[in-house]
Amino acid sequence: MKIMNMVNAINDALDIKLAEDNSVIVYGEDVGVEGGVFRVTEGLQQKYGSHRVFDSPLAESGIVGTAIGMAVAGLKPVVEMQFCGFIYPAFNQIISHASRMRNRSRGVHETPMVIRMPYGGGINALEHHSESMEAIFGHIPGLKVVVPSTPHDAKGMLISAIESKDTILYMEPKRIYRAIKQEVQEGKFTIPLGKANVLQQGKDVTVVAYGAMVREVQKAIVMAKEAGISVELIDLRSIYPIDKETIVKSVKKTGRIITVTEGPKTYGVGSEISQIAIDEAFLHLEAPPARVSGFDVIVPLPKGEHHYMQDQYKIFYEIEKTVKY
Amino acid sequence: MFNEFNPLKNTMFQVIDNEGKVINKNWMPEIPDEKLLKIYKDMLFARTADLQIVSYQRQGRIYTYPPNYGQEAIAAAAGALIREEDWLVPAFREMGTMLAKGVTLKQLFLYFMGYEDGSKYINAKNTLPISVPIASQLVHASGIGYSIKYNNQDKIVYAFVGDGGTSEGDFHEAVNFAGVWKVPVIFIIQNNQYGISTPTHMQTASESLAVKSVAYGVKGVKVDGNDLFAMYRAIEESIKICKDGEGPVLIEAVTYRKGAHTTSDDPTKYRTKEEEQEWEKTDPLNRLKIYLIERSLWSEEEEQKIVPQYKEEVDRQFIEAENYGPYPKEDIFKYLYADTPDDLIEQEREYDRFLQWKKEKVK
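How each quantity is defined
- Residues numbered from 1 in each chain as written.
- Chains lettered and ligands numbered in written order.
- Predicted model: local features only at pLDDT ≥ 70, side-chain atom pairs only at ≥ 80, totals over all residues.
- Helix = DSSP H or I, 4+ residues; strand = E, 2+ residues; numbered from the N terminus.
- Rg over C-alpha atoms; globule rule 2.2 N^0.38 Å.
- Buried ≥ 20, exposed ≤ 12 C-beta atoms within 10 Å, placed from the backbone.
- Contact = placed C-beta atoms within 7 Å.
- Nonpolar A, V, L, I, M, F, W, Y, C, P; charged D, E, K, R; others polar.
- Pairing = 2+ DSSP bridges.
- Right-handed = clockwise from strand over helix to strand, strands pointing away.
- Domains from an automatic or database assignment.

In this section: the overall build of chain A. When its secondary structure is counted, chain A shows 12 helices and 14 strands. For chain A, whose C-alpha radius of gyration is 19 Å, the value lies close to the compact-globule estimate of 20 Å for 325 residues. In terms of overall dimensions, chain A has a C-alpha envelope of 60 × 40 × 40 Å along the principal axes. Counting only residues that meet the buried cut, chain A has 59% of its 325 residues in that class. Taking the intrachain contacts of chain A between residues at least 6 apart in sequence as the baseline, contacts between residues at least 24 apart amount to 80%.

And the structure:
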């Protein structure tokens, strides 16, 4: 066991896979010499050489498009988008090719690759540096979208992602890159993608969250406990595929469900989870599924961001409402 | 100029050398002394402001900021020539041109302090806000150019991008569209040698960035971007081309980012002191200052006197921005649509109810 933050853990996962599998290639804007703007890839170019870990030209579409080419030709690219908000030039390559190459070629070609990107708000950043766009990616058939919430999960999930035969969008909650340290198992281990994690058992209400929101829910749970409310917390970990079984089992027990997400409300991940609860646990529900989410607005610049972000108060407000319904 | 400094020859257009000596009389622009002095003072003001902002940032009084330090001549030359009716399509390192257009320092401060109000350029006509997604703004410049041509207007678009931005598809699409349409856009690439940590030679295998103009069939030139006279003349010539209906023009302005990419960046990770010292010799303010002193238009004494005044002015506008006040929650909802949809209005009401609850619940 070793104490790590999420940056260390992701770096460790990349290190392990680069050492183990010669087909793994890591690149993106400023990931080589500098080790990434968040230092996630620090030291890897020195260790594995600039033919395996390198700086690309500044072009997101080029990065993802070349990764698709590498992947169909047998390499295992792990590329970085500097920020989730900068991925849009690469959208065409993701939607038009990465997500459909296997289907289009009826299984002849596939694009096993990982697109890593920091996402989410709460870091007082410039415009386009705070978005949470996981719902958009979750909506695209053929993609897998995962979000770790702890250093341990970050490592095990990234190793799984690199070993997957699919294209994985691996979204890193940058707000907690360095905020959480924990003991992480040394050496190689994997965490299966698509499996949620019940972080806390409870009986009154189920709260589903992921990424940086898990920590906010944990704070709200303290408030709920003082109010005599017992909360079950599920860390979703995977936006797609989505672990219906874990969600449904929990809702059947508590009879109430609240989702906490950072992105805009409408057509969001919370809406999908609510529908799962309605579909599969309708007769167990004692209150309408509730969503704590961003508003349907652009993430405000830092001085206005507190209006937008989900915190323990917004979460507890919804918990209280739902339990009293 | 575009023939003499054909990008295929990979020569750089210069008028003065690093010691402020005129080395290319033929192409010396005619700038009245008074105007020249104003340009220098504008550069000095921009530099003073820029250095001060970095120190405010270190004090935690402003968020991430991308310094202009070392690149002042480019923005100042464009600022001296851009007219009220012309369009400015900035990236995010063109303080001098923005100030010339009428954007105030206070507005820039507000923006980097985290208020969208800092992009509400009420005094600066035809100026688009700072564009963070690299190179994406250039295609808008081509569209504005089309509108100018369509409406038969006497206007020019000044569009900026960095060296890294030339790798983005949008750069190529923008220059290509503008070339096909023959619209009056001056694309200015500030080649400050680095896209964050990545040197220009890792962005492209081309000999220069100016040479990319050739492939799109538009005029282009590589200019010493730290030579105010060369920048001024290159833009003047570009204006003529645009007015003759032969635009667009692509200018590669060769410069050096003396500061960090942004205040979040640490250049010691990717470049050497020796390299920085080498480029120091080309400093745009220093070169122009030597020239002005040589011609008795300026003196060290005057500079010593004026810099503290500039600092005071910068501080005054900064403190005004600092006291701008709270960010009203209405502002996150009201600018998205011409008419706010009912559901969004309801989301704001629900937020009101939450705030009321919080007020009662949380001490």
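The next point concerns the interface of chain B and chain A. Each partner contributes to the interface: chain B provides 34 residues, whereas chain A provides 31 residues. Looking at the side of chain B that touches chain A element by element, the count peaks at five residues for helix α12 (residues 342–361) of chain B. Residues belonging to the side of chain B that touches chain A are distributed by class as follows: 17 nonpolar, 11 polar and six charged.

Before going further, it helps to spend a moment on the pairing of strand β10 (residues 205–209) of chain A. Residues and elements named next belong to chain A. The buried fraction of β10 amounts to five of the five residues, a majority that puts the element mostly inside the structure. Alternating residues of β10 divide into Val 205, Val 207 and Ala 209 and Thr 206 and Val 208, and every residue in both groups is buried. As paired elements, β10 and strand β11 (residues 231–235) share five bridges and run parallel to each other. Opposite Val 205, over in β11, you have Val 231 as the bridge partner. Handedness of the β-α-β unit built from β10, helix α8 (residues 213–226) and β11 comes out right-handed. In terms of strand pairing, β10 meets strand β13 (residues 257–264) through four bridges, oriented parallel.

Before going further, it helps to examine the domain arrangement of chain B. Along its sequence, chain B is carved into domain 1 (7–322) and domain 2 (329–361). With centres defined by C-alpha atoms, the gap from domain 1 of chain B to domain 2 of chain B works out at 40 Å.

The next subject is the domain arrangement of chain A. Where interface size is quoted, it is often the accessible area lost as the parts come together. All names here are of chain A. As far as domains go, chain A holds domain 1 (2–184) and domain 2 (197–324). On a C-alpha basis, the centres of domain 1 and domain 2 stand 26 Å from each other. The interface of domain 1 with domain 2 comprises 25 residues on the first partner and 22 residues on the second. Sorting the residues of the side of domain 1 that touches domain 2 by element identifies α6 (134–138), β6 (143–146), α7 (151–163) and β7 (167–173) as the ones contributing at least two each. Per element, the largest residue contribution to the side of domain 1 that touches domain 2 is four residues, and it comes from β6. A breakdown of the residues in the side of domain 1 that touches domain 2 according to their chemical character gives 11 nonpolar, eight polar and six charged.

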